[in-house]
Every structure is written in C-alpha cells, then in structure tokens.
Number of protein chains: 2
Amino acid sequence: MSSTDAAPTLDDVARLADVSTATVSRCLNTPDKLTKATRDRVLAAVKELGYTPNFAARSMAAKRTFTIGAIIPTMENAIFARGLQAFQEELDRRGYTLLVSSTAYKAEAEEKQIRNLVARGADGVLVIGHDRDPAIYDYLRQQRVPVLVTWSYDDAAPTPSIGFDNRAAMRTFAERVIGLGHRHIGMISSMSAQNDRARMRIAGVKDAMLAHRLDPATLDLIEVPYTFDDGENAFLQLMHRSPQTSIVLCGSDVLAVGAIRGARHMGLQVPADVSITGFDDIELAQVTHPELTTVHVPHHRMGKLAATELVAMIEEKREGVSQRLETTIVERGSVAAIKGAKR
Amino acid sequence: MSSTDAAPTLDDVARLADVSTATVSRCLNTPDKLTKATRDRVLAAVKELGYTPNFAARSMAAKRTFTIGAIIPTMENAIFARGLQAFQEELDRRGYTLLVSSTAYKAEAEEKQIRNLVARGADGVLVIGHDRDPAIYDYLRQQRVPVLVTWSYDDAAPTPSIGFDNRAAMRTFAERVIGLGHRHIGMISSMSAQNDRARMRIAGVKDAMLAHRLDPATLDLIEVPYTFDDGENAFLQLMHRSPQTSIVLCGSDVLAVGAIRGARHMGLQVPADVSITGFDDIELAQVTHPELTTVHVPHHRMGKLAATELVAMIEEKREGVSQRLETTIVERGSVAAIKGAKR
DNA sequence: ATTCAAAATGTAAACGCTTACAAATACGAT
DNA sequence: ATCGTATTTGTAAGCGTTTACATTTTGAAT
C-alpha cells in the first residue's frame, strides 16, 4: 500500500504495531512466544509495510546465518547438479539456504571462494574431494567453520567425507570390462593435479590391470580438462597414437560423450570398433547413441546425507562422521566383449 | 601463526598494527589514502591474524554489498550456464559477486528467492524472461533494487531487458523449415504459463504457419516440463497421435535431445523419417546423432552485456536501457527437406 | 623558525537486528 | 482480595564495519 522512502526496518514495524522491536523480532523468529493478538498485529504491520528483514543485520546480531556454502568445480555441466539439488532440498527442509560458487576446476580459485563464503558468514561449507591446499583447511579450522567433503570417501583423511571410494569403484568397473577380453586399454581422465577423484580413478584402473596381469605402464592415459571437446580431442589423439586400443575408459560421462562423438567423427562404431565407458551416470549418459555404460553414483542420496551431516555438525557442534556410499555399474550399450575372449 | 579464540575483527587488527579501526578499514578499501609505512604495518597485521572482513558488518555499515543476484529457472541442465558464466565473469571484472538461485521453473518459488536475495542485500537482480507476478516488480521497485530481464527482449515491457526476440527468432526458423516442405508440424514446448519465452516461441511458429498459408490450429502442440524424459515422452505421444508429423519443433535443445532419443527408441530415423529441431544451441546440441539443427543464442554476449548494463544501472542510479540481440540459425543434421517439395 | 594547506589518522556515531535481563501482566490457588 | 508463578512484553547493550567530522602530522613556502 504505502510507499515510504526507504526500505522499512524493524523499528518501522514496531512503531506501526505499537510494540517494541524485541517483540517484532520474536514474532518473526519465535512466534509462539507471543499472544495471538500481538502476533496478528505485528504480522499485519509487516504485511502493510512490505517488510523484509535485513539479512546482514540479522546475522550480525545472531552470529548465525543459516547459510551453507558449497564450492563445486563447475556448473557448466550437470555432473554436480543432481547431488547439489538434493543437498539444497534437504537444507531447505532444515531451514538453511545454500550458496553455491564454482571454481572452473582452478585450485587457486577455491581459496578465494571459500574465504568469500566464510566472510559471508556461511555456517558450514561443503567441498568436492579432499585434495586442496592445507592452508584452506587451516583457515577453516581457525574460523571454526565446519567442512564436509563429498564425492569422495577417505577414512584416513582428516576431513570427514560423505562419498564413495573412487578407486575401488573404478577398479571394480575396470575389472569387469577387462574381463570381457580387452587388453589394449586407453583412458581419458580429467586433470589429476589437486583432484583426488581423478587420481583415484586412474589408480583404480591400474589396480584392475595388475589384478589381470596386465602391465599398468601400458595404460594409455591422457589427461584433459572437462568439456565435450576435450573428450573428443583426447579420443582422437589416443586412437591416433594407439590404433589397436579396444576400449577407452573415461573419467567422467562428459568426457565419454565427447569420446563417442570423436569416434563417430572418425567413422568408428561404438562398441563394435571400440568400447567407451563413462563415470558418474548423469542424465547425459542416456541420450547418446549408444547409451553409455558407466558407474552409477548415488547423487541424490549423497547430497541428502551430506546436508544432514553438515547441519548436524553445525547444530550439535561436533566432528563430522564419514560415510561410505556404494556405487553400481550400469551396463548400457557402449561396451562390447572382445571376440574370442577366454571369459 | 597464532590461533586466537574467535575470528579476528577489525579491532584486533587495529590493536596489533597500533592504529585506529578507521585506518584499517581505509587500508582495505582505499589503500592509497595511507602512508606506505602504515599500510604495510596494517597488511602485516591482517596477514598475521588471518583476518577476513565480516561481510554482514561491512554491508550494514556501507549499505552496499557489491553483490548481484540472479534467479534462473534451473541449474539442472546447461541452458543458462554459459550466459551466467559470462555474466559472472564480467561482474567479477567490475568487483561484484554473483549469487545464483534457481526456481525449478516454479513461478511461486521465484518470489521467495527474490525476497531472499534482496534481504541479503543484492544491489541488483537479474531475472530470466518478463513474465512474473506484478507483485514481484512492485516489491523490487519499493525496495529500490534495479532489475534487468534477460533471455527475452521486449521494448514494450516496463522492465528493461537485454535479450532477443523469441517470437521473431522462432518465426524465422520455422519459416525456414516450413520452406523445406513440411506441412504436418508438431511442437514440444516447455510449459508456457508464466513463461513468455515459451509462449513467444509458440507464437513464432504460428506466425510462420500463417505466413505459409497453414492453419495455426493444425499445429500439434504439447507442453511439458524441461527434462530429457519430458522431451522423449512428449515425442512418443505426439507421433502416436499424429503419425504423419514430418517435423517436430522443440522449444529447447534439451527437449529436442529427448525427442531424438524418443525417435531412436521408436525406430525412427532422424531426419529421414522425422525432422527434429532445438532452440538455444547449447553444447549438448553437438553431441547427439544427428547433431541438432537449432537456433543459436548469443549466450556469452548476452551475459556480458547484462552485467555491464546492470552495474551501470546500480552505479549511475539510472533506468536500464534495453538491447536487442540477434539470433542465428545453425543447420546441423536433424532436419531434412520433404521430397518433392515445391521450393 | 613560522605559517598554512594538504595529507594522514583518529573519534565516534550510525547501520538494523537479536537477546539477556528487567518489568509488567495474566491467571490459578489460596 | 492476595500472593506467587508463569507468561508476555519492554529496555538497552551489543554485533563488526564504514564514514563524517575532528584532530594531528607533514612538508613546502615564507
């Protein structure tokens, strides 16, 4: 209705409702501490003025923001979207707001983003993977901001994590495809520096090779950034220098989709001429042709559990407890057995 | 080094550097107003304490946050990712931080998100498309928060916009494909309620039909949400009820990719049996087979211009000026001409 | 040496909330 | 009616910055 000069404050509401500011504050935060009569009066005033509490003032006074920050490597593709969505939903349910920022996979960018989030008063922080400059962990500890790692599980790490064992997951998966008779193996990974997930997946493949008496040194590995184009280029390069490659394991579905396109552009049939696999099982894995055989990650569950745990860490002021989730293998159509394979 | 009990404040820094809090503040905000000697002393203290300014306190005192909020319909797919990335980069360059939140295409969720952003002190707000409850615009006006619309251009709208003419873009595109001889046209659109972009794209198709003496009433239109599955299901439904359909125009690349999968599952060849088109030209359009013929939107330019304009609105305290960007048609492989078409 | 304007620094009042504590009020038991 | 307790409301002190204004310092000009 009325259109005063500046944004209305608690004082304005208090004056209009003829109560103290404390009462207005209580009405907004702990409404059941008020008589219905006053509550209604205050609410009416709030509505009439179109009052919105000032977040900065509130969080300064309360020393709480009910905000949680998440730093993810990228928003450009959907890798983290589903998990984050679930994380956000659970947070919502518990009265927290999510602040997201992305680093474009630049380790240096992460520290800045984290400081920003903390400066903004994040009550807790969610990060992807364990690997990062120890200074970041020191800073977070000094600021007393709880951190939770996700997308990775490592019991031995000092930071609690809710995720899965990337190495074991990839190992199991690789063993399965090697069991199909593949001997000339290529791998396209994201850059492994400062990225334990990528590194562990590579290690997993090597574990599997070892288990099958293949020399891990023969793994034709190529590390690239994270786009479709990167995947395609890597694939072309790989097939060019190792034409006998029968399967290319990709560190992510995005890279795998790029690789499939590369195969098409080279005139190779997938999986008849070459098998290609992904990792993550994002929706994208089901729109390619052939659809992608990949490792399914429990995005939703992981996001939800992470939210639950992080909120508990904050509210109960306790250390986080790690939790290992299981991954599963999803066979679709991008892998074929080698003809004449023993098993 | 030291690890005091709570997060260090300006006061702590001031004490350590043996200056007043005002000096510390100036050192952080307008460093050239200080002697090099004091500046160095303060900076050293900042570093020693690991001081990070408290954002809430700062924005309360300065009544500025250098934060801009953006509300997008979804983060689940990459439709808005590229534009937002460019928006963010330009903002960064100008010293602003971006806060993003998404509504999952729920109109009701938008108001809440916007209030939240404003409460958090956003100096300006970016939204997608013009359509929304007028109450939202009223609120923003009352709070004196500049708003800029993007992904849509409408000279007549009261809110300034930096985008393209969805209707004209779709009309031109549809005319082109109709010119290829298609007479039985299907369309899969996002839900058009509270979504001028979707509505205008539909209108564009009808415009084109009219221009080609086709009855717009014969357009077989189906509206669904925004996922791959929605696109696939819509396609199946469409082809089931109108088997003679020769081309399906989709309101977005995501729906189109779903439709292509639907065609594959039905055993239909694209484009031999049926043509399918998209809209947006996100990277996804190039990983399907066939690659998608679509309307290219200048994501990057749009994001960058939006950032520039919104910051100008804030800093120069002036009305925004709208700007219309051009779209182009990208022909890839998902459209075929009807055999024996006149022209 | 003295003067004066300019530059550097300090003082202290906001900013809009929350909350400990104090005061007032309501209500049941006597 | 009176008292005591529980409930509701008010008072006012922070929370950590920025910034207008006041004060001090600096250094060039005399």
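Up top is the structure these notes are about.
This text gives an overview of the structure that appears in the document. (Residues numbered from 1 in each chain as written. Chains lettered and ligands numbered in written order. Predicted model: local features only at pLDDT ≥ 70, side-chain atom pairs only at ≥ 80, totals over all residues. Heavy atoms only, no water.)

**Section: the environment of Gly 262 of chain B**
Residue and element names in this part refer to chain B. Relative to the helices and strands, Gly 262 is located in helix H11 (residues 253-266). Judged by relative accessible area, which is 0%, Gly 262 ranks as buried. Measuring from C-alpha to C-alpha, the distance between Gly 262 and Ala 272 comes to 15 Å, with 10 residues separating the pair along the chain. If we ignore the near neighbours within four places in the chain, the residues touching Gly 262 are Glu 232, Phe 235 and Leu 236. (Helix = DSSP H or I, 4+ residues; strand = E, 2+ residues; numbered from the N terminus. Buried < 20%, exposed > 50% of the residue type's maximum accessible area, 1.4 Å probe, protein only. Contact = heavy atoms within 4.5 Å.)

**A short note on unusual backbone geometry**
Residues and elements named next belong to chain A. Note that the residue after His 289, namely Pro 290, is joined by a cis bond; omega there is 0°. Here Pro 290 shows up in the loop between strand S9 (275-277) and strand S10 (294-296). Of note, Lys 63 is a non-glycine position whose phi angle comes to about 55°, a positive value. Judged by relative accessible area, Lys 63 falls into the exposed class, the value being 71%.

**Here's the deal with the packing of helix H5 (residues 81-93) of chain A against helix H12 (residues 299-315) of chain A**
Residues and elements named next belong to chain A. The N-to-C vectors of H5 and H12 enclose an angle of 40°; their axes lie 7 Å apart at closest approach. Taken together, the axes of H5 and H12 are oblique relative to one another. In this structure, H5 crosses over H12, and the sense of that crossing is right-handed. Contacts between H5 and H12 involve Arg 82, Gly 83, Ala 86, Phe 87, Glu 89, Glu 90, Leu 91 and Arg 93 from the first element and His 299, His 300, Gly 303, Lys 304, Ala 306, Ala 307, Thr 308, Leu 310 and Val 311 from the second. Grouping the constituent residues of the contact of H5 with H12 by class yields seven nonpolar, five polar and five charged. (Axes fitted to C-alpha atoms, helices over the stretch in contact; angles between N-to-C directions. Parallel < 35°, antiparallel > 145°, perpendicular 65-115°, else oblique. Left-handed = near helix turned anticlockwise from the far one by under 90°. Nonpolar A, V, L, I, M, F, W, Y, C, P; charged D, E, K, R; others polar.)

**A few points about the protein's contact with DNA strand D**
Around DNA strand D there are 27 residues in total, and Thr 23 and Arg 26 of chain A together with Leu 10, Ser 25 and Tyr 51 of chain B lie nearest to it. Counting only atoms of DNA strand D within 4 Å of the protein, the fraction found in sugar and phosphate groups is 66%. Here a phosphate oxygen of DNA strand D sits 2.8 Å away from a polar atom, N or O, in the side chain of Tyr 51 of chain B. Within the contact set of DNA strand D, a phosphate oxygen lies 3.4 Å away from a side-chain nitrogen or oxygen of Arg 58 of chain B. (Near = heavy atom within 4 Å. Polar contact = N/O pair within 3.5 Å; in protein donor to acceptor, adjacent residues only side chain to side chain.)

**A closer look at the nonpolar core**
Soluble, globular proteins show a tendency: their nonpolar side chains are buried together. Counting residues in each nonpolar core, the largest one holds 139 residues, and the members touching the most others are Ile 188 and Ile 276 of chain A together with Ile 188 and Ile 276 of chain B. If we skip the residues at most four places from it in the chain, Ile 276 of chain A touches Phe 235, Val 248, Cys 250, Ala 256, Ala 259, Ile 260, Ala 263, Val 270, Leu 292, Thr 293, Ser 334 and Val 335 of chain A. (Core = buried A, V, L, I, M, F, W, Y, C linked by side-chain atoms within 4.5 Å.)

**Side note on the interface of chain A and chain B**
With 45 residues of chain A in contact, the opposing surface of chain B contributes 45 residues. Taking both sides of the interface into account, the surface hidden between chain A and chain B amounts to around 4100 Å²; carbon and sulfur atoms contribute 49%. Applying the counting criterion to the chain A and chain B interface returns four salt bridges. Linking Asp 92 of chain B and Lys 112 of chain A is a salt bridge whose minimum nitrogen-to-oxygen distance equals 4.0 Å. At the junction of chain A and chain B, the tally comes to 14 residue pairs in polar contact (both at pLDDT 80 or more). For the side of chain A that touches chain B, the secondary structure elements donating two or more residues are helix H4 (55-62), H5, strand S2 (97-102), helix H6 (107-119), helix H7 (134-142) and helix H11 (253-266) of chain A. With five residues, H4 of chain A is the largest single contributor of residues to the side of chain A that touches chain B. Along the lines of polarity and charge, the residues of the side of chain A that touches chain B split into 19 nonpolar, 15 polar and 11 charged. (Buried area = accessible area lost by both parts, 1.4 Å probe. Salt bridge = Lys/Arg side-chain N within 4 Å of Asp/Glu carboxyl O.)

**Quick notes on the environment of Glu 223 of chain B**
Residues and elements named next belong to chain B. On the secondary structure map, Glu 223 appears in strand S7 (residues 220-224). For Glu 223, a relative accessible area of 30% translates into the label partly exposed. There is a polar contact of 2.8 Å between the side chain of Glu 223 and the side chain of Ser 192.

**A few points about the packing of helix H8 (residues 166-178) of chain B against helix H9 (residues 196-211) of chain B**
Residues and elements named next belong to chain B. Remark: H8 packs on H9, axes separated minimally by 7 Å, with the N-to-C direction vectors making an angle of 40°. One finds that H8 runs oblique with respect to H9. The interaxial crossing formed by H8 with H9 has right-handed handedness. Along the contact surface, H8 presents Asn 166, Arg 167, Met 170, Arg 171, Ala 174, Glu 175 and Ile 178, while H9 presents Arg 197, Met 200, Arg 201, Ala 203, Gly 204, Val 205, Asp 207, Ala 208, Met 209 and Ala 211. The residue makeup of the contact of H8 with H9, split by class, is nine nonpolar, two polar and six charged.

**Some thoughts on the sheet that holds strand S8 (residues 247-250) of chain A**
Residues and elements named next belong to chain A. In space, the four strands of this open sheet follow the order S7-S6-S8-S9, with parallel pairing throughout. Every interior strand has two partners, whereas the edge strands, strand S7 (220-224) and S9, have only one. Averaged over all pairs of adjacent strands, the angle between strand axes in this sheet comes to 15°, irrespective of strand direction. With four bridges joining them, strand S6 (residues 185-190) and S8 adopt parallel strand pairing. Across the sheet, Met 187 pairs through a bridge with Leu 249, a residue of S8. Against the sheet, helix H9 (residues 196-211) makes contact with S6, S7 and S8, and its axis sits at roughly 165° relative to S6, the strand it touches most. Against the sheet, H11 contacts S6, S7, S8 and S9, and its axis sits at roughly 160° relative to S9. (Pairing = 2+ DSSP bridges.)

**Some remarks on the protein's contact with DNA strand C**
Of all residues adjacent to DNA strand C, which total 27 residues, the nearest are Leu 10, Ser 25 and Tyr 51 of chain A together with Thr 23 and Arg 26 of chain B. Taking all atoms of DNA strand C within 4 Å of the protein, the share assigned to sugar and phosphate is 67%. Here Asn 54 of chain A contributes a backbone N or O atom positioned 3.4 Å from a phosphate oxygen of DNA strand C. At 2.9 Å from a phosphate oxygen of DNA strand C is found a side-chain nitrogen or oxygen belonging to Thr 38 of chain B. Listing elements by their share of the surface near DNA strand C, those giving two or more residues are helix H2 (21-29) and H4 of chain A together with helix H2 (21-29) and helix H4 (55-62) of chain B.

**Considering the relation of the copies chain A and chain B**
Once chain A is rotated about the relating axis by 180° and shifted along it by 0.0 Å, it coincides with chain B to within an RMSD of 0.1 Å. Classification of the inter-copy transformation places it as that of a two-fold axis. If distances are taken from each C-alpha of chain A to the rotation axis, the shortest is found for Ala 56 of chain A, at 2.1 Å. (Least-squares fit on C-alpha atoms with pLDDT ≥ 70 in both.)

**Observations regarding H2 of chain B**
Residues and elements named next belong to chain B. Buried residues of H2: Thr 23, Val 24 and Cys 27, and no others. Take H2 and look down its axis: the buried residues cluster within an arc of 100°, on one side only. Buried positions along H2 lie against helix H1 (10-17) and helix H3 (36-49). (Arc of directions from axis to C-beta.)

**As for the sheet that holds strand S1 (residues 67-72) of chain A**
Residues and elements named next belong to chain A. Spatially, six strands are ordered S2-S1-S3-S4-S5-S11 in an open sheet, and the strand pairing comes out parallel. Of all strands in the sheet, those with a lone pairing partner are S2 and strand S11 (323-325), marking the two edges. Averaged over all adjacent pairs, the angle separating strand axes in this sheet is 15°, with direction ignored. In the packing of H12 onto the sheet, the strands contacted are S1, strand S3 (124-128), strand S4 (147-150), strand S5 (161-164) and S11, and the crossing angle to S4 comes to about 165°.

**Focus: the packing of aromatic side chains**
Within the structure shown, the criterion is met by 10 aromatic pairs over all chains. Both rings, one in Trp 151 of chain B and one in Phe 164 of chain B, keep their centres 5.9 Å apart while their planes meet at 70°; by these two values the pair is edge-to-face. With Trp 151 of chain B in the loop between strand S4 (147-150) and strand S5 (161-164) and Phe 164 of chain B in strand S5, this pair connects stretches of sequence that are 13 residues apart. Each member of the pair, Trp 151 of chain B as well as Phe 164 of chain B, is classed as buried. Aromatic ring contacts, followed pair by pair, group Phe 80, Trp 151, Phe 164 and Phe 279 of chain A into a single cluster. Geometry around Tyr 139 of chain A places Arg 115 of chain A over its ring, the cationic atom sitting 4.1 Å from the centre. The ring of Phe 66 of chain B is capped by Arg 64 of chain B, whose NZ or CZ atom sits 4.3 Å from the centre of that ring. (Phe/Tyr/Trp six-rings, centres within 6.5 Å; stacked < 30°, edge-to-face > 60°. Lys NZ or Arg CZ within 6 Å of the ring centre and 35° of its normal.)

Just geometry here; none of it tells us what the structure is for.
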